[in-house]
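Listed below, chain by chain, are the residues.
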Amino acid sequence: MTIHVHSYATHSATSELVPFVFERRDPRPSDVAIDILYCGICHSDIHSARNEWGWTQYPFVPGHEIIGRVCAVGNEVSKYKVGDLVGVGCLVDSCGHCDSCNDGLEQYCNNGFTGTYGGEDKIGGTPHRLTFGGYSEKITVDEHFVLRIPDNLDPAAAAPLLCAGITTYSPLKHWNVDAGQKVGIIGLGGLGHMGVKFAHAMGAYVVMITTSPEKGADAQKLGANEVLLSKDAQMMAAAHNSFDFLLNTIPVGHDVDPYMALLKRDGTMVIVGAVESLTQVSGIPLIFRRRSLAGSLIGGLPETQEMLDFCGEHNITCDIEMIAMKDVNHAYDRTVKSDVKYRFVIDMASLKS
């Protein structure tokens, strides 16, 4: 049996998102069915919907920052019950038996994880054999890939935690960011604003590194101790060899050398934003200070739950602008123009109207 689900989908790289009906599978014994309340808009949704990365198959339903209420569970589900507030992030399946999966790092599954949208539906239940995302009424997910949302968090503002939140939390935790360290967050957008909040909550001395002087006041409200303008050569030179860690959220290819020079000996800069080729990476800034340049994806399921619990403890959510489903195409255009502080979230109740 299947469940008829209303959604918004795009049918080509140049088409707008429009209403679309498809089928979800009924819950298997290990499945959780969820009525979706809110879904964040990630820039990855836009890249994918417009086939800017070259892999998209259509029809295509985006959305991997999902918050909802459990509406049904399979008879083997033990962690969730009907009525629970839960989330679904960027992945809904993985092989479950490789070393990465066994370590709770499903995002690095050796056999490839299944994305919440646009992936191969290895379980079945949809006629298109593709996974369809959260711009929809409901979703059915194996309980292993479902996350519990702390009750004290605003559920709408918690939605982007499932992507923007874990993308920034994971490297900060993996590289042991802690009190007393000087941490730079490069770029103040959907990712960067979460990086500031997390690093501040971890006790670090936080510096927002930006090209835009006007973003300084916002950064300090979010928890930054100071602002460093990357276009100011004197400010950058004065900051050389002073940072323990840099989180680089710049979303396009760029020259990393000016930022590498900011790191102390043995410091690390982690790339989380750019999926394009970096335009300049010189060996000398790395070699002469034993610096490291690294990358990081989202987080596995255990770490994502840890992040959500950390957010509950510190009352951290994303800064959002709520929209109706019918306004999603306009929101896409505004996101491309960086005209949002700092993440759009769709009120999925508006889909019914």
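Structural data are supplied above this passage.
Residues numbered from 1 in each chain as written. Predicted model: local features only at pLDDT ≥ 70, side-chain atom pairs only at ≥ 80, totals over all residues. Heavy atoms only, no water.

Enquirer: So what's going on with the packing of aromatic side chains? Which residues, and what values?
Expert: A full pass over the atoms with the stated rule returns 9 aromatic pairs. On the basis of an interplanar angle of 70° and a centroid distance of 6.2 Å, the ring pair of Trp55 and Phe60 is categorised as edge-to-face. Ring geometry for Tyr169 versus Phe198: centroids 5.4 Å apart, planes at 70°, classification edge-to-face. Of the two residues, Tyr169 sits in helix H4 (residues 164-174) while Phe198 sits in helix H5 (residues 190-201), which places them 29 residues apart along the sequence. Here the two residues Tyr169 and Phe198 agree in accessibility, since each one is buried. Members of the aromatic cluster, connected to one another through ring pairs, are Phe20, Phe22 and Phe132. Taking NZ or CZ as reference, Lys182 lies 4.5 Å from the ring centre of Phe243, over its face. (Phe/Tyr/Trp six-rings, centres within 6.5 Å; stacked < 30°, edge-to-face > 60°. Helix = DSSP H or I, 4+ residues; strand = E, 2+ residues; numbered from the N terminus. Buried < 20%, exposed > 50% of the residue type's maximum accessible area, 1.4 Å probe, protein only. Lys NZ or Arg CZ within 6 Å of the ring centre and 35° of its normal.)

Enquirer: Describe the pairing of strand S12 (residues 226-229), listing the residues and the values that go with them.
Expert: Bridge count between strand S11 (residues 205-210) and S12: 4 bridges; the pairing is parallel. Of the residues in S12, the one forming a bridge with Val207 is Glu226. (Pairing = 2+ DSSP bridges.)

Enquirer: Lay out the environment of Gly87 with the relevant residues and their values.
Expert: Tracing the sequence through the fold places Gly87 in strand S5 (residues 85-88). As for Gly87 and Glu65, which are separated by 22 residues in sequence, their C-alpha atoms are 7.5 Å apart. When neighbours within four sequence positions are excluded, Gly87 is seen to be in contact with Ile66, Ile67, Phe145, Val146, Leu147, Ile149 and Leu162. (Contact = heavy atoms within 4.5 Å.)

Enquirer: Now, about a nonpolar patch on the surface: what can you tell me, with residues and values included?
Expert: A cluster of nonpolar side chains, contributed by Leu105, Tyr108, Phe113 and Leu297, occupies part of the molecular surface with about 310 Å² of accessible area. As for its position among the elements, Leu297 is in the loop between strand S15 (292-295) and helix H10 (301-314). (Patch = residues over 30% accessible without salt bridge, like charges linked within 9 Å, V, L, I, M, F, W, Y side chains within 5 Å. Areas by Shrake-Rupley, 256 points an atom, 1.4 Å probe, with all protein chains shown as cover. Salt bridge = Lys/Arg side-chain N within 4 Å of Asp/Glu carboxyl O.)

Enquirer: Which residues make up the side chain of Arg343, and what values go with them?
Expert: Here Arg343 shows up in strand S17 (residues 343-347). Among the polar contacts listed, one links the side chain of Arg343 to the backbone oxygen of Ile41, at a separation of 3.4 Å. Excluding residues that lie within four positions of it along the chain, Arg343 makes contacts with Ile41, Cys42, Glu65, Pro160, Cys163, Ala164, Gly190, Leu191, Asp319, Ile320 and Glu321. (Polar contact = N/O pair within 3.5 Å; in protein donor to acceptor, adjacent residues only side chain to side chain.)

Enquirer: Quick one: what's the story with the pattern of salt bridges, residue by residue and with numbers?
Expert: For the structure on display, the rule yields 17 salt bridges. Its salt-bridge partner being Arg290, residue Asp266 comes within 2.6 Å of it at the nearest N-O pair. Taken together, the positions of Asp266 in strand S14 (residues 263-271) and Arg290 in the loop between helix H9 (284-287) and S15 put the pair 24 residues apart, joining distant regions of the chain. The class of Asp266 is partly exposed, set by a relative accessible area of 36%. Across the salt bridge formed by Lys326 and Asp327, the nearest N and O atoms sit 3.3 Å from each other. Given the relative accessible area of 30%, Asp327 is considered partly exposed. Shared partners join several salt bridges into a network, and the residues in it are Arg25, Arg28, Asp31 and Asp142.

Enquirer: Which residues make up the nonpolar core, and what values do they have?
Expert: Counting residues in each nonpolar core, the largest one holds 91 residues, and the members touching the most others are Ile41, Tyr135, Leu161, Phe198 and Val328. Ignoring anything within four residues of it in the chain, the contact list for Val328 reads Tyr8, Leu17, Ile41, Tyr135, Ile323 and Ile346. If you look at the next biggest cluster of nonpolar residues, it comprises 17 residues, including Ile186, Ile209, Leu228 and Met269. (Core = buried A, V, L, I, M, F, W, Y, C linked by side-chain atoms within 4.5 Å.)

Enquirer: Let's hear about H5: which residues, and what values?
Expert: For H5, built from 12 residues, the straight-helix expectation of 16 Å at 1.5 Å per residue is met to within 8% by its first-to-last C-alpha distance of 17 Å. Of the residues making up H5, those classed as buried are Gly190, Leu191, Gly192, His193, Met194, Gly195, Val196, Lys197, Phe198 and Ala199. Positive phi appears at Gly203, one or two residues downstream of H5, with a value of about 95°. (Expected span 1.5 Å × (residues − 1).)

Enquirer: So what about the sheet that holds S14? Which residues, and what values?
Expert: A sheet is described by the order of its strands in space; here 6 strands give the open sequence S12-S11-S10-S13-S14-S15, paired in parallel fashion. Only two strands of the sheet have a single neighbouring strand rather than two, namely S12 and S15. With strand direction ignored, the average angle separating the axes of adjacent strands in the sheet is 20°. Pairing analysis gives 5 bridges linking strand S10 (residues 182-186) to S11, with the strands arranged parallel. Looking at the pairing, Gly184 lines up with Val207 of S11. (Axes fitted to C-alpha atoms, helices over the stretch in contact; angles between N-to-C directions.)

Enquirer: Give me the lowdown on the packing of H4 against H5, citing residues and values where you can.
Expert: The geometry of H4 relative to H5 is characterised by a closest axis approach of 8 Å and an angle of 50° between their N-to-C directions. As the angle between them shows, H4 and H5 are arranged oblique. You can see that H4 and H5 cross each other, and the crossing is right-handed. On H5, the residues that touch Ala164, Gly165, Thr167, Thr168, Tyr169 and Leu172 of H4 are Gly190, Leu191, Met194, Gly195, Phe198 and Ala199. Partitioning the contact of H4 with H5 into residue classes produces 7 nonpolar, 5 polar and no charged. (Parallel < 35°, antiparallel > 145°, perpendicular 65-115°, else oblique. Left-handed = near helix turned anticlockwise from the far one by under 90°. Nonpolar A, V, L, I, M, F, W, Y, C, P; charged D, E, K, R; others polar.)

Enquirer: Which residues make up the pairing of strand S3 (residues 31-40), and what values go with them?
Expert: Along S3, 8 of the 10 residues are buried, which leaves the element largely enclosed by surrounding structure. Pairing between S3 and strand S8 (residues 138-142): 5 bridges, direction antiparallel. Bridged to Ile34 within S8 is Ile139. Where S3 and strand S4 (residues 66-73) come together, 7 bridges link them in antiparallel fashion. Among the inter-strand pairings, Ala33 is bridged to a residue of S4, identified as Ala72.

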